[in-house]
Amino acid sequence: MDKFMKAAIEQAKKGWSEGGIPIGSILVKDGEICGSGHNQRVQQDDPMAHAEIDCLKNAGRIGSYRGTTLYSTLMPCYLCAGAVVQFGIKKVIVGESTTFEGAEEFMKSHGVEVVNLQDQECIQMMEKFIEEKPELWNEDIGE
């Protein structure tokens, strides 16, 4: 596993330790982390505070997103996939999609390369969270 996915996993763990949903995201430009974030829907009482959105907000104004790669521990939902497409991010590296299918086909249909690692640590982290807090998970995915 590369250092950027490890950083995304650390963000997910940070969110979980804060009482939130363990999803983390990292934005990489020119081989360097330029943004990081984690799901903060619970912590901020904000339904829009998904990990990828938090990451992009924390990256700030970086100019062009050409050549950037977004890492996420979980397959992005349509909200976050929409941000990927809107900003022209052409590569997304995902920890897993076993626990949540997300919007992979949507991103691919808009020219985004999606690399799904199906990483066991990411899968186990989400499975444990879903088992412990199913009501919070269902709220997060709109069920």
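Residues numbered from 1 in each chain as written. Predicted model: local features only at pLDDT ≥ 70, side-chain atom pairs only at ≥ 80, totals over all residues. Heavy atoms only, no water.

**Student:** Pulling in residues and values, what's your account of the overall build of the protein chain?
**Tutor:** Scanning the protein chain from N- to C-terminus turns up 7 helices and 5 strands. When the helices and strands of the protein chain are listed from N to C terminus, the series reads α-β-β-α-α-β-α-β-α-β-α-α. Seen along its three principal axes, the alpha-carbon backbone of the protein chain occupies a region of about 40 × 30 × 25 Å. The buried share among the 143 residues of the protein chain stands at 50%. For the protein chain, the proportion of contacts with a sequence separation of at least 24, taken over those separated by at least 6, is 54%. (Helix = DSSP H or I, 4+ residues; strand = E, 2+ residues; numbered from the N terminus. Buried < 20%, exposed > 50% of the residue type's maximum accessible area, 1.4 Å probe, protein only. Contact = heavy atoms within 4.5 Å.)

**Student:** Pulling in residues and values, what's your account of the pairing of strand β5 (residues 113-116)?
**Tutor:** Looking at chain direction, strand β4 (residues 91-94) and β5 are connected through 4 bridges and run parallel. Looking at β5, one finds that Val92 is bridged to Val114. (Pairing = 2+ DSSP bridges.)

**Student:** Would you mind going over the environment of Arg41 in detail, with residue names and values included?
**Tutor:** As for its position among the elements, Arg41 is in helix α2 (residues 41-44). Each C-alpha atom, one on Arg41 and one on Asp140, is 8.0 Å from the other, the two residues being 99 residues apart in sequence. Dropping the residues within four chain positions of it, Arg41 is found in contact with Ile21, Asp46, Pro47, Ala49, His50, Glu139 and Asp140.

**Student:** Got a sec to walk through the packing of helix α3 (residues 51-59) against helix α4 (residues 78-87)? Specific residues and values, please.
**Tutor:** One way to put it is that α3 packs onto α4 with a least axis distance of 8 Å and a crossing angle of 35°. For the pair formed by α3 and α4, the contact residues are Glu52, Ile53 and Leu56 on the first element and Leu79, Cys80, Ala83 and Phe87 on the second. Looking at side-chain class alone, the contact of α3 with α4 contains 6 nonpolar, no polar and 1 charged residues. (Axes fitted to C-alpha atoms, helices over the stretch in contact; angles between N-to-C directions. Nonpolar A, V, L, I, M, F, W, Y, C, P; charged D, E, K, R; others polar.)

**Student:** With reference to specific residues and values, describe the side chain of Thr68.
**Tutor:** Mapped onto the elements, Thr68 comes out in the loop between α3 and β3 (69-72). The buried category is assigned to Thr68, whose relative accessible area is 3%. In this structure Thr68 touches Leu27, Val28, Lys29, Ile62, Ile89, Lys90 and Lys91, once residues within four positions along its chain are discounted.

**Student:** Can you tell me about the sheet that holds strand β1 (residues 24-29), naming the residues and giving the values?
**Tutor:** Sheet architecture is open: 5 strands sit in the order β2-β1-β3-β4-β5, paired in mixed fashion. Bordering the open sheet on either side are β2 (32-38) and β5, each of which pairs with just one other strand. Ignoring strand direction, the axes of neighbouring strands in this sheet form an average angle of 15°. Here β3 pairs with β4 via 4 bridges, running parallel. Looking at β4, one finds that Tyr71 is bridged to Ile93. Along the sheet face, helix α1 (residues 3-17) touches β1, β2, β3 and β4 and points at about 145° away from the line of β1.

**Student:** Describe the nonpolar core, and please don't skip the residues or the numbers.
**Tutor:** Counting residues in each nonpolar core, the largest one holds 30 residues, and the members touching the most others are Leu27 and Met107. Secondary-structure elements contributing two or more residues to this core are α3, α4, β4, α6 (120-132) and α7 (134-140). Ranked by residues supplied to this core, first place goes to α3 with 5 residues. Counting residues in hydrophobic clusters, the runner-up holds 11 residues, among them Met5, Ile9, Ile26 and Met125. (Core = buried A, V, L, I, M, F, W, Y, C linked by side-chain atoms within 4.5 Å.)

**Student:** Got a sec to walk through α1? Specific residues and values, please.
**Tutor:** For α1, spanning 15 residues, the distance from its first C-alpha to its last is 21 Å, which sits close to the expected 21 Å at 1.5 Å a residue. All of the buried residues in α1 are Phe4, Met5, Ala8, Ile9, Gln11, Ala12 and Gly15. End-on view of α1: buried residues confined to an arc of 155°, all on one side of the axis. For α1, the exposed residues lying more than 90 degrees away from the buried face are Lys3 and Ser17. Structurally, α1 contributes buried residues whose contacts are with β1, β2, α2, β3, β4 and α6. Phi for Gly19, located one or two positions after α1, is positive at around 90°. (Expected span 1.5 Å × (residues − 1). Arc of directions from axis to C-beta.)

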